[in-house]
Amino acid sequence: MTRTLHRFSGGLHLDTHKHESRDVPSMLVPLPGQIILPLKQHIGLAARPLVNPGERVLKGQIIAEPEGYVSVPVHATTSGVVRDIGDYHIPHPFGIREPCIVIDADGLDELFPIEAVTDYAALTPQALQEIIRDRGIAGLGGAGFPAHVKLKEGVDNAVDTLIINGVECEPYITCDDRLIREKAMYVVSGARMIRHAVNAKHCVIAVEEDMPEAHDALAGHITAHDDIELVRVPTRYPAGGEKQLIQVLTGKEVPSGGFSINIGIIVHNVATAAAVYRAVTRGEPLISRYVTVTGEVKTPRNLQVLLGTPVSDCLKLCGYEDSNDTRIIVGGPMMGTQVRDCNIPVTKTTNCIIVRRKIPPIQELPCIRCGRCADVCPVNLLPQQLYLYAKADRFDETRQHHLFDCIECGCCSCVCPSHIPLVQYYRYAKFEIALEEQRRQGATRAEQRFLNRKRRLQQRQEVKQKQKAGSTTTATESGDTDADRKAFVRAAVARTRSRKERGTDR
Amino acid sequence: MREVVIALVPGILVYALVVHWGVLVQCLLAVLFALAAEAVMLRVRGLPVKLFLFDYSVIITALLYALCISPLTPWWINLCGILFAVMLVKHAYGGLGGNLFNPAMAGFVFVLLSFPADMNVWPAVYSLHSGSPGLLDTLALIFSGRDSIADIDAISAATPLTHMQSQLGGMNMIGEFTTDPRYGLVAGTGLEWVAITFLAAGLWLVFRKIIAWQMPATVIATLFLVSLVFYGFDAGVYASPLFHVFTVSTLLGAFFIVTDPVSSATTATGRLIFAAGVGLMTWVIRSWGAYPDGFAFAVLFMNALVPLLDHFTRPRVLGEAVDN
């Protein structure tokens with residue numbers, strides 16, 4: 001059975017720049033001297049540290065536990081001594097610092113005892129989820145959504161199709177391509193496991209048309225018994241976006257503001273599938289990943305990097321010489337972020353490091369409403385209108401124009417003849433709206449406090465008035481009220497005493 | 001935008017050759033006035049003058065405006081229209097990208113309504129040998145005005161559209177007009193060649209992907225179909241579709257004016273409605289209105305509808321209101 005493919009609207013044919021790095025075998029990065037592990041390398045709540053500075057940890061040991069349901073643990077990626085737990089620079093568009101655990105590697109790379117599962121099919125889906133969560137697996141495609149949450153959604157809802165996403169649509173990035181070519185068995189086996197866990201009716205592994213070697217490698221591991229479809233989708237950016245890939249493969253649309261599970265579909269990245277395989281059959285936690293290092297370096301290639309390794313180590317290994325006329329981008333050229341500091345660590349979501357020549361800043365010109373952005377938008381937004389409203393701080397209108405359906409793919413900025421960095425305006429608007437929401441919640445709380453206080457004051461006033469009225473009209477009963485007062489004081493003293501005793505018991 | 005200016009040049013030259021060379025003077029004056037007005041407004045608004053002055057947007061406005069007015073228009077009228085277009089219609093609404101109305105059309109309509117007598121002095125086409133104004137007369141008209149000419153009627157003539165309207169107003173039939181020497185092949189002697197040059201230049205812009213074909217095609221198709229229906233209904237009082245389509249204003253407008261992205265709708269559907277509206281309103285005003293040509297009015301009318309069009313033609317966002 002061949003699947004009829006559909007088209008998503010908009011999109012761009014970009015210069016892929018994949019040949020620089022795609023045909024060179026990947027290389028293991030030597031153990032760095034120091035490892036920096038952010039507590040939040042996924043979407044959701046940051047993990048809570050379990051170790052203290054000075055403590056010795058082993059490779060694969062859990063050093064921070066998940067906080068809440070949408071969270072995953074962090075594992076030490078080599079053996080060594082915890083030097084510090086504090087705020088360090090992470091790959092982030094605003095160059096912010098976030099809590100990290102820093103480990104001085106001792107070079108022994110001593111393993112924490114791990115436990116493997118021989119027959120995953122005998123496990124219940126819940127047990128499989130537990131394993132996947134314990135091994136710290138977050139989506140390796142870029143967003144870093146905890147994998148077990150998607151699995152749980154799959155268990156709770158009927159899953160029609162499981163899609164394993166190998167469509168690496170952003171230019172320059174070849175880490176998934178390389179991973180598939182070198183570890184196709186992991187990907188296929190991981191796909192089987194996830195499928196078992198969510199009980200999906202169909203399973204599709206999708207790669208791009210310009211990844212023939214990866215396609216063949218996967219085909220070599222899929223057996224007739226598997227009933228896994230291997231699909232090649234046309235090369236067009238952003239075909240690898242979750243919503244776009246679902247549209248291409250099934251013709252269905254993820255509801256605006258909803259999730260793919262709402263239409264019975266779950267999407268996992270190929271690298272996530274490979275990590276699931278390793279986690280289940282070998283018990284290995286997620287401690288390394290493939291990273292493409294490309295652009296203005298001597299030997300562009302893919303690296304297998306221990307999480308927490310500084311970006312600068314990866315660059316040095318590929319022959320990068322620090323210079324003033326280059327800039328470094330973590331992530332792809334369309335959606336990645338330029339970083340100022342090379343000492344930031346590689347995290348679970350770091351798929352690519354690009355070195356590019358600095359270009360003189362281009363003057364941003366007025367929007368002439370030409371509508372090219374709308375032609376290329378894969379979500380059918382009107383970027384020109386969104387821009388207008390975002391720039392004028394008219395956030396209600398940006399919401400009406402579906403700001404939150406924007407996937408920030410950057411197609412609009414790419415084609416804008418006036419060189420307007422449109423996506424930045426949308427990020428700004430999203431940020432401001434979130435802030436406004438917080439402020440509003442704060443204001444509601446303040447209002448509630450004010451009202452409560454007003455009510456208290458009123459009550460007090462009423463009680464006073466009553467008492468006044470009582471004391472003037474019932475002066476003869478003053479003896480009784482005096483006795484009442486004494487009783488009240490006695491009771492209060494007794495209460496305080498009992499409270500104190502309970503306190504000392506603790 | 002530079003290509004758009006280049007594409008206008010052949011049409012202007014053909015215009016100068018077959019109709020009257022005064023158009024070159026009008027173009028030159030309009031461009032100079034427009035650049036000066038633009039520079040002043042940029043300075044007043046505190047914007048970088050160097051960056052915006054030569055972005056060709058104001059030059060296109062000036063050229064389109066100069067092509068609308070008569071080659072014999074006095075210079076101060078030319079200036080009035082340009083000042084209105086650049087200072088009020090363009091910059092008062094936020095400058096490039098912010099203007100609701102097409103500046104060239106608004107400037108033209110402003111002077112058309114303000115100076116009706118002067119705006120109606122059109123030269124006779126050279127090839128008709130009916131006393132086209134010579135060098136001295138032309139310069140006198142442009143630089144000192146109508147009063148400096150003893151017998152204005154001896155050197156001016158009605159445009160085909162004006163002529164047709166006055167003929168019909170005089171209870172004559174179209175048939176009598178089509179036999180007139182100034183009718184030419186389909187849409188006016190000489191002028192139809194200007195129109196065809198603009199058509200060719202417009203197609204070149206489409207080919208170069210500088211403008212999209214949908215809007216010009218919709219304008220022309222709408223105008224053609226509406227006029228065809230009424231022509232078929234009564235060919236005695238309604239002009240032929242070819243006459244409507246091959247008028248200079250139709251082809252210049254369809255390829256160079258309607259395609260102005262700033263003042264037209266911004267959604268794909270909105271643009272088609274905008275273009276169809278321009279085609280329809282042009283025909284309505286030409287056939288039933290008080291003015292011989294309705295293109296500029298049609299454009300302004302549709303400009304005013306743009307916010308509404310954009311509001312009601314927002315495309316369905318991916319995943320919006322789907323029933324799965």
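For clarity, every value in this text was computed on a predicted model and none was experimentally measured. (Residues numbered from 1 in each chain as written. Chains lettered and ligands numbered in written order. Predicted model: local features only at pLDDT ≥ 70, side-chain atom pairs only at ≥ 80, totals over all residues.)

Describing the overall build of chain A
Broken down by element type, chain A carries 14 helices and 17 strands. Per-residue burial for chain A yields a buried fraction of 45% across its 506 residues. Restricting to contacts in chain A with at least 6 residues of sequence separation, those with at least 24 account for 72%. (Helix = DSSP H or I, 4+ residues; strand = E, 2+ residues; numbered from the N terminus. Buried ≥ 20, exposed ≤ 12 C-beta atoms within 10 Å, placed from the backbone. Contact = placed C-beta atoms within 7 Å.)

Description of the nonpolar core
The biggest cluster of nonpolar side chains holds 132 residues, and the ones touching the most others in it are A:Ile163, A:Val187, A:Val276, A:Val291, A:Cys314 and A:Ile353. If you tally residues by element for this core, the top one is helix H4 (residues 175–198) of chain A, at 12 residues. Ignoring anything within four residues of it in the chain, the contact list for A:Ile353 reads A:Val291, A:Val293, A:Val311, A:Cys314, A:Leu315, A:Ile328 and A:Val330. Ranked by size, the runner-up nonpolar core spans 89 residues in total, among them B:Met41, B:Ile82, B:Ala201 and B:Val248. (Core = buried A, V, L, I, M, F, W, Y, C linked by C-beta atoms within 7 Å.)

Examining helix H6 (residues 103–114) of chain B
Three or four residues apart is the spacing at which side chains of an α-helix point the same way, because the helix has 3.6 residues per turn. Residue and element names in this part refer to chain B. Taking 1.5 Å as the rise per residue, H6 with 12 residues should run 16 Å; its terminal C-alpha atoms sit 16 Å apart, in good agreement. A large share of H6 lies buried, amounting to 9 of its 12 residues. What H6 keeps buried is the set Pro103, Ala104, Met105, Ala106, Gly107, Phe108, Val109, Val111 and Leu112. Those residues of H6 that are buried are in contact with helix H4 (57–68), helix H5 (75–90), helix H7 (116–119), helix H15 (248–257) and helix H17 (295–312). (Expected span 1.5 Å × (residues − 1).)

With respect to the domain arrangement of chain A
Residues and elements named next belong to chain A. Split by domain assignment, chain A resolves into domain 1 (116–284), domain 2 (292–357), domain 3 (372–434) and domain 4 (436–505). Computed over C-alpha atoms only, the centres of domain 1 and domain 2 are separated by 26 Å. With 12 residues of domain 1 in contact, the opposing surface of domain 2 contributes 14 residues. Of the residues contributing to the side of domain 1 that touches domain 2, the split by class is 7 nonpolar, 3 polar and 2 charged. (Domains from an automatic or database assignment. Nonpolar A, V, L, I, M, F, W, Y, C, P; charged D, E, K, R; others polar.)

Brief notes about the domain arrangement of chain B
All names here are of chain B. Under the domain assignment, chain B is made up of domain 1 (1–157) and domain 2 (185–312). Each of domain 1 and domain 2 has a C-alpha centre, and the two are 21 Å apart. Listed per partner, the contact involves 26 residues of domain 1 and 24 residues of domain 2. Sorting the residues of the side of domain 1 that touches domain 2 by element identifies helix H1 (2–18), H4 and H6 as the ones contributing at least two each. With 9 residues, H1 is the single largest residue contributor to the side of domain 1 that touches domain 2. Classifying every residue of the side of domain 1 that touches domain 2 by side-chain character gives 20 nonpolar, 5 polar and 1 charged.

Here's the deal with the sheet that holds strand E14 (residues 301–306) of chain A
Residues and elements named next belong to chain A. One open sheet accounts for 6 strands, arranged E1-E14-E13-E17-E15-E16; its pairing is mixed. The strands lining the two open edges of the sheet, one partner per strand, are strand E1 (27–28) and strand E16 (337–339). As paired elements, strand E15 (residues 326–330) and E16 share 3 bridges and run antiparallel to each other. Across the sheet, Val330 pairs through a bridge with Thr337, a residue of E16. (Pairing = 2+ DSSP bridges.)

A few points about the packing of H4(A) against helix H7 (residues 270–282) of chain A
All names here are of chain A. Viewed as axis vectors pointing N to C, H4 and H7 meet at an angle of 60 degrees, and their least axial separation amounts to 7 Å. Taken together, H4 and H7 sit at an angle that is classed as oblique. Both H4 and H7 take part in a crossing whose hand is left-handed. Where H4 approaches H7, its residues Asp176, Leu179, Ile180, Lys183, Tyr186, Val187, Ser189, Gly190, Ala191, Met193 and Ile194 are matched on the opposing element by Val270, Ala271, Ala273, Ala274, Val276, Tyr277, Arg278 and Val280. Classifying every residue of the contact of H4 with H7 by side-chain character gives 14 nonpolar, 2 polar and 3 charged. (Axes fitted to C-alpha atoms, helices over the stretch in contact; angles between N-to-C directions. Parallel < 35°, antiparallel > 145°, perpendicular 65-115°, else oblique. Left-handed = near helix turned anticlockwise from the far one by under 90°.)

With respect to the packing of helix H2 (residues 22–44) of chain B against H5(B)
Geometry of a packed helix pair, given as the angle between the helix axes and the separation of the axes. All names here are of chain B. Running from amino to carboxyl end, H2 crosses H5 at an angle of 40 degrees, the nearest separation of the two axes being 9 Å. As the angle between them shows, H2 and H5 are arranged oblique. The two elements H2 and H5 cross, and the hand of that crossing is right-handed. Here Gln26, Leu29, Ala30, Phe33, Ala34, Ala37, Glu38 and Met41 of H2 lie close against H5, whose contacting residues are Trp75, Asn78, Leu79, Ile82, Leu83, Val86 and Met87. Among the residues making up the contact of H2 with H5, the classes are represented as 12 nonpolar, 2 polar and 1 charged.

Thoughts on the interface of chain A and chain B
The interface of chain A with chain B comprises 23 residues on the first partner and 17 residues on the second. Its residues placed into classes, the side of chain A that touches chain B shows 10 nonpolar, 8 polar and 5 charged.

Quick word on the sheet that holds strand E10 (residues 202–208) of chain A
Think of a sheet as strands paired side by side through backbone hydrogen bonds, with each pair either parallel or antiparallel. Residues and elements named next belong to chain A. Strand order in the open sheet formed by 4 strands is E11-E10-E9-E12, and the pairing between neighbours is parallel. The open sheet has two edge strands with one neighbour each: strand E11 (228–233) and strand E12 (265–269). With direction set aside, neighbouring strand axes in the sheet form an average angle of 25 degrees. Of the strand pairs in this sheet, strand E9 (residues 161–166) and E12 are connected by 5 bridges, and their pairing is parallel. When the bridges of E12 are listed, Ile163 appears paired with Val267.

With respect to the pairing of E11(A)
It is a general feature of regular strands that their side chains alternate between the two faces of the sheet. Residue and element names in this part refer to chain A. The sheet contact formed by E10 and E11 spans 6 bridges and is parallel. Each residue of the ladder has a partner; that of Glu208, found in E11, is Val233. Regarding the hand of the β-α-β motif, the stretch spanning E10, helix H5 (residues 212–219) and E11 is right-handed. (Right-handed = clockwise from strand over helix to strand, strands pointing away.)

Some thoughts on H4(A)
All names here are of chain A. In this model, H4 (24 residues) spans only 26 Å end to end at C-alpha, well below the 34 Å of a helix rising 1.5 Å per residue. Bending of H4 peaks at approximately 95 degrees at the position of Lys183. Among the 24 residues of H4, 20 are classified as buried, and the element is accordingly described as predominantly covered. (Bend = angle between axes of the 7 residues up to and from the residue.)

Details of the pairing of strand E13 (residues 288–295) of chain A
Residue and element names in this part refer to chain A. Among the 8 residues in E13, 8 count as buried, and that is most of the element. Of the two faces of E13, the one lined by Ser288, Tyr290, Thr292 and Thr294 and the one lined by Arg289, Val291, Val293 and Gly295 are each fully buried. As paired strands, E13 and E14 are joined by 6 bridges and run antiparallel to one another. When the sheet's bridge partners are listed, Arg289 is paired in E14 with Val305. Hairpin connection from E13 to E14: 5 residues lie between these consecutive antiparallel strands. The pairing of E13 with strand E17 (residues 352–357) spans 4 bridges and is classified as parallel. Across the sheet, residue Thr292 finds its bridge partner in E17, namely Cys352.

Some points on unusual backbone geometry
Residues A:Tyr237 and A:Pro238 are joined by a peptide bond in cis, for which omega reads -10 degrees. Relative to the helices and strands, A:Pro238 is located in the loop between E11 and helix H6 (242–250). Of note in this structure, A:Tyr172 is not a glycine but carries a positive phi near 75 degrees. Along the chain, A:Tyr172 turns up in the loop between E9 and H4. The phi torsion at B:Lys209 lies on the positive side, around 60 degrees, for a residue other than glycine.

Section: the environment of A:Ile368
Inspection of the secondary structure puts A:Ile368 in the loop between E17 and helix H9 (372–376). Here A:Ile368 falls in the buried class, since 21 other C-beta atoms lie within 10 Å of it. As a C-alpha pair, A:Ile368 and A:Gly308 span 60 residues in sequence and 45 Å in three-dimensional space. In this structure, A:Ile368 is in contact with A:Ser418, B:Leu96, B:Gly97, B:Pro261 and B:Val262, ignoring residues within four places of it in sequence.

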